[in-house]
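# Examining the three-dimensional arrangement
This is what each chain is made of:
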Amino acid sequence: ILPPLTMLLGEKRLIADSSSDLSDAIDVHFFPPSASFTVLSASDSAPMPLELVSATLTRGGENVDVILSDVTTNATITSSSHFMCSELLEFYNSEGSQLLAMAAVLCSWSSPLMLRVQLTSSASLSEGDIVHLIDGGASVSVSNPSVADQLPVTVCVAGAAIVGLGESLSLDLSASSGTSLRGWSSVCVRVHQLQEPLGSGSSRCIAPSEDLSRVRLLPGELTDGVLLVAVQLCSSFGSCSIGSLRGW
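Notes on the structure follow. Worth saying up front: this structure is predicted, and the values here are computed from it rather than measured. (Residues numbered from 1 in each chain as written. Predicted model: local features only at pLDDT ≥ 70, side-chain atom pairs only at ≥ 80, totals over all residues. Heavy atoms only, no water.)

## Re the state of the cysteines
Counting across every chain of the model gives three disulfides. Note on cysteine connectivity: C85 is disulfide-linked to C107, with sulfurs 1.9 Å apart. Taking the sign of the S-S torsion, 110 degrees for the link of C85 and C107, the bridge is right-handed. Taken as a pair, C85 in the loop between strand 6 (83-84) and strand 7 (89-92) and C107 in strand 8 (residues 106-111) lie far apart in primary sequence, 22 residues in all. For the pair shown, C85 and C107 are each scored as buried. (Disulfide = S-S within 2.5 Å. Helix = DSSP H or I, 4+ residues; strand = E, 2+ residues; numbered from the N terminus. Buried < 20%, exposed > 50% of the residue type's maximum accessible area, 1.4 Å probe, protein only.)

## Details of the pairing of strand 10 (residues 130-133)
Judged from the four bridges that link them, strand 7 and strand 10 form a sheet pairing that is antiparallel. Of the residues in strand 10, the one forming a bridge with E90 is H132. Pairing between strand 10 and strand 11 (residues 139-143): three bridges, direction antiparallel. Bridge pairing in strand 11 places V131 opposite V140. The antiparallel pairing of strand 10 with strand 11 creates a hairpin that spans five residues between the two strands, and G136 there sits at a positive phi of about 130 degrees. (Pairing = 2+ DSSP bridges.)

## Notes on the sheet that holds strand 14 (residues 202-206)
Spatially, 14-13-16-17 is the arrangement adopted by the four strands of the open sheet, whose pairing is antiparallel. Of all the strands in the sheet, just strand 14 and strand 17 (240-247) have a single pairing partner and so form its edges. Each strand of the sheet is rotated relative to its neighbour by a mean of 15 degrees, with strand direction disregarded. Here strand 16 (residues 227-235) runs beside strand 17; their pairing, made up of eight bridges, is antiparallel. Bridge pairing links L233 to S241 in strand 17. (Axes fitted to C-alpha atoms, helices over the stretch in contact; angles between N-to-C directions.)

So this is what it looks like as structure tokens:
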């Protein structure tokens, strides 16, 4: 007579002995050829609950990589396939409200321990948001990538070198790079005469959602003489850089 056995299938735990008919007792699951199953004797301890180790935004902010504490047999889809994240995960903001737009995003398995969440412009995550594992109840906060892993911020300022008296100056910042999917967190412009110390002159910040290919400086913001226009851009991760344009 065989001793009682414990079989783990997906997240289902089944106790059976030699008199049981397993074919009647379990649901049908389909697993890839690489899937493995663990058969434990009745004296073995139950496995530790599955935990989420971390959830980190990638350097461009287009994805969140979720690390699991152990291989789960829920990873029944190969790394080349995509599936709805809502099959495994739920997402909440830092106040605890569910982010319903995230129900439509796709996930894929980068490795047996890493799940990649693919963000979009309308469904994104920020530092402090919560990733919750539906089956098991584990949760983890989203973190920004380390400074070393973030995209470097490069500010490119293009515009006319000569501005007539009473004319406005149009700047093109669209070639700048280094922000994430969520865009720039701040865009600030300072104008001062070249011989003046840094920090002098006029300055203002504009909405990052504005068209950065046409940032307009009005005649009242420009002064006579040789000008230095300095633009500071800050990414959604908090990294900032400055670019400048010299004109007169």
